[in-house]
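# What the coordinates show
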Amino acid sequence: MSIVVESVSKRFGDFVALNDVSLNVRDGSLTALLGPSGGGKSTLLRVIAGLEQPDSGRVLIAGEDATAKPPQRRDVGFVFQHYAAFKHMTVAKNVAFGLSIRKRGKEEIEARVDELLKLVHLDGFAHRYPSQLSGGQRQRMALARALAVQPRVLLLDEPFGALDATVRKELRAWLRRLHDEVQVTTVFVTHDQEEAMEVAEQIVVLNHGDIEQVGTPRDLYEKPSNEFVMRFVGPVSELSGRWIRPHDVGILVEPTDGTSEAQIDRIVHLGFEVRVELSLGDGDSTWVQTTRTMVEELELAEGQIVWLRLEAEPVSV
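### As for the nonpolar core
Core analysis: the largest hydrophobic core is formed by 45 residues, its most contacted members being Val95, Leu154 and Ile203. A total of 7 residues in this core trace back to one element, the largest contributor, which is helix α4 (residues 135-148). When near neighbours in sequence (up to four residues on either side) are disregarded, Ile203 contacts Ala32, Leu34, Ala196, Met197, Gln213, Val214, Gly215, Pro217 and Leu220.

### Topic: the layout of surface pockets
Considering only enclosed or pocket space, the largest pocket measures out at about 630 Å³ in volume. Residue lining of the largest pocket: 23 residues in total, with Val76, Gly77, Phe78, Arg102 and Val149 positioned closest to the centre. Looking at the lining of the largest pocket, the element that brings in the most residues is strand β6 (residues 76-79), giving 4 residues. Of the residues assigned to the lining of the largest pocket, the class counts are 16 nonpolar, 3 polar and 4 charged. Here the second largest pocket is characterised by a volume of approximately 170 Å³. In terms of lining residues, the second largest pocket is bounded by Ala92, Ala96, Ser100, Lys106, Ile109, Glu110, Val113, Asp114, Leu117, Ala126 and His127. Tallying contributions element by element places helix α3 (residues 106-119) first for the lining of the second largest pocket, with 6 residues.

### Some thoughts on the environment of Arg275
Counting through the fold element by element, Arg275 comes out in strand β15 (residues 273-280). Looking at Arg275, the relative accessible area reads 28%, which means it is partly exposed. Between the C-alpha atom of Arg275 and that of Val295, which follows or precedes it by 20 residues, the distance is 9.9 Å. With near-sequence residues (within four places) excluded, Arg275 lies in contact with Arg266, Ile267, Val268, Leu270, Trp287 and Val288.

### So, the packing of aromatic side chains
Taken as a whole, this structure holds 2 aromatic pairs when the rule is applied. Directly above the aromatic system of Trp287 lies the positively charged group of Arg275, at a separation of 3.9 Å from the ring centroid.

### Things to note about unusual backbone geometry
Phi at Ala62 takes a positive value of approximately 55°, unusual for a residue other than glycine. Within the element layout of this structure, Ala62 appears in the loop between β4 (56-61) and β5 (64-65). One non-glycine residue, His208, adopts positive backbone phi at about 55°. Relative to the elements of secondary structure, His208 occurs in the loop between β9 (202-207) and β10 (210-215).

### Notes on the sheet that holds strand β8 (residues 185-190)
In spatial order, the strands read β6-β7-β8-β3-β9-β10; together these 6 strands make up an open sheet with mixed pairing. Two strands bound the open sheet, and with one partner strand each, they are β6 and β10. On average, adjacent strands in this sheet sit at an angle of 15° to one another, irrespective of strand direction. One ladder, built from 5 bridges, connects β9 with β10; its direction is antiparallel. Looking across to β10, one finds that Val204 is bridged to Val214. Packed on one face of the sheet, α4 meets β6 and β7 (153-157) and runs near 165° to β6.

### Some thoughts on helix α5 (residues 165-182)
When the terminal C-alpha atoms of α5 are compared, their 26 Å separation across 18 residues agrees well with the 26 Å that a helix rising 1.5 Å per residue should span. Listed as buried for α5 are Leu171, Arg172, Trp174, Leu175, Leu178 and His179. Close packing links the buried residues of α5 with β3 (30-34), α3, α4, β7, β8 and α6 (193-199).

### What about the sheet that holds β4?
Here we have 4 strands laid out as an open sheet, ordered β2-β1-β4-β5, and antiparallel in their pairing. Since the sheet does not close on itself, it has two edges, and those belong to β2 (15-25) and β5, each with one partner. Of the pairings in the sheet, the one linking β4 to β5 comprises 2 bridges and is antiparallel in character. Bridge pairing in β5 places Ile61 opposite Glu64.

### A closer look at the pairing of β3
With 5 of 5 residues buried, β3 lies mostly within the body of the structure. Burial of the side chains of β3 extends over both faces: Leu30, Ala32 and Leu34 are buried on one face and Thr31 and Leu33 on the other. In this sheet, β8 lies alongside β3 in parallel orientation, the contact comprising 5 bridges. Paired with Thr31 across the strands is Val187, a residue of β8. In the sheet, β3 pairs with β9 via 4 bridges, with the strands oriented parallel. Bridge pairing in β9 places Ala32 opposite Ile203.

The rules behind each value
Residues numbered from 1 in each chain as written. Predicted model: local features only at pLDDT ≥ 70, side-chain atom pairs only at ≥ 80, totals over all residues. Heavy atoms only, no water. Core = buried A, V, L, I, M, F, W, Y, C linked by side-chain atoms within 4.5 Å. Buried < 20%, exposed > 50% of the residue type's maximum accessible area, 1.4 Å probe, protein only. Helix = DSSP H or I, 4+ residues; strand = E, 2+ residues; numbered from the N terminus. Contact = heavy atoms within 4.5 Å. 1 Å grid on protein atoms, 1.4 Å probe; cavity = no way out; pocket = protein on both sides within 12 Å on 5 of 7 lines; lining within 4 Å. Points joined across faces, edges and corners; volume = space filled by probe spheres on them. Nonpolar A, V, L, I, M, F, W, Y, C, P; charged D, E, K, R; others polar. Phe/Tyr/Trp six-rings, centres within 6.5 Å; stacked < 30°, edge-to-face > 60°. Lys NZ or Arg CZ within 6 Å of the ring centre and 35° of its normal. Pairing = 2+ DSSP bridges. Axes fitted to C-alpha atoms, helices over the stretch in contact; angles between N-to-C directions. Expected span 1.5 Å × (residues − 1).

So, in structure tokens, the structure goes:
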């Protein structure tokens, strides 16, 4: 179901969490709320869920004004960062909880739980307890529980923030596949740019309670609306007073027209990619993202004098 946020503002004392925010989330889409801590991401999610009431503005879900509705009447599934599992219940009973309090029949509950546990790849864990699961498995259980009542909207507040990098990456890919299967309108909060770029169809960049830009991952990366978005979404460097993407700069061992002289300060190997940190002739610093193959071909070394050439137009903001 679609979500429309119209001119929503929210303050906590003197702190402005949301400042006249408006947003459209289309039916069946996967949207990321991205931004730094304190930017307003979680507050906006909680307003959509009904866990916070806006000071002004309204929220429409599927065209209906839901602003005054309590959370339980919005058909919204909510998943927190820290799972909020019932420790004394098995995985199956955790997933069935929402259906049980809605007085669904036993056979219906069992069928729905079996279906969801297969969907989240936990069908062999129905009789285990949350303490017997890994962090990634507990988060998948939390998602299954949220989906059990067939919500119109699924809201995720930094769902993978408490997990290590490897598990987080695996679950990002899994969430994207899950969304393609269930097609429920999904909004998730993250401060991880890579996570938003990899998973979401639409990214909403928030900062200090304002929306800086809304667009596809490619739009935000290639056509940022301002310097904040440019610097927050994807790697950024500076060359000759212009903001650039560090992979758009070539390193040469001989000068040519339009090149800038620099000295290599440090070479950092990050798997296949290599980060080359440099000092420019005017005293400024910059860095270039290149490949291990290129570093080996050019025989680059710390302390070496090289020349930098912009290989693409700088991003305009």
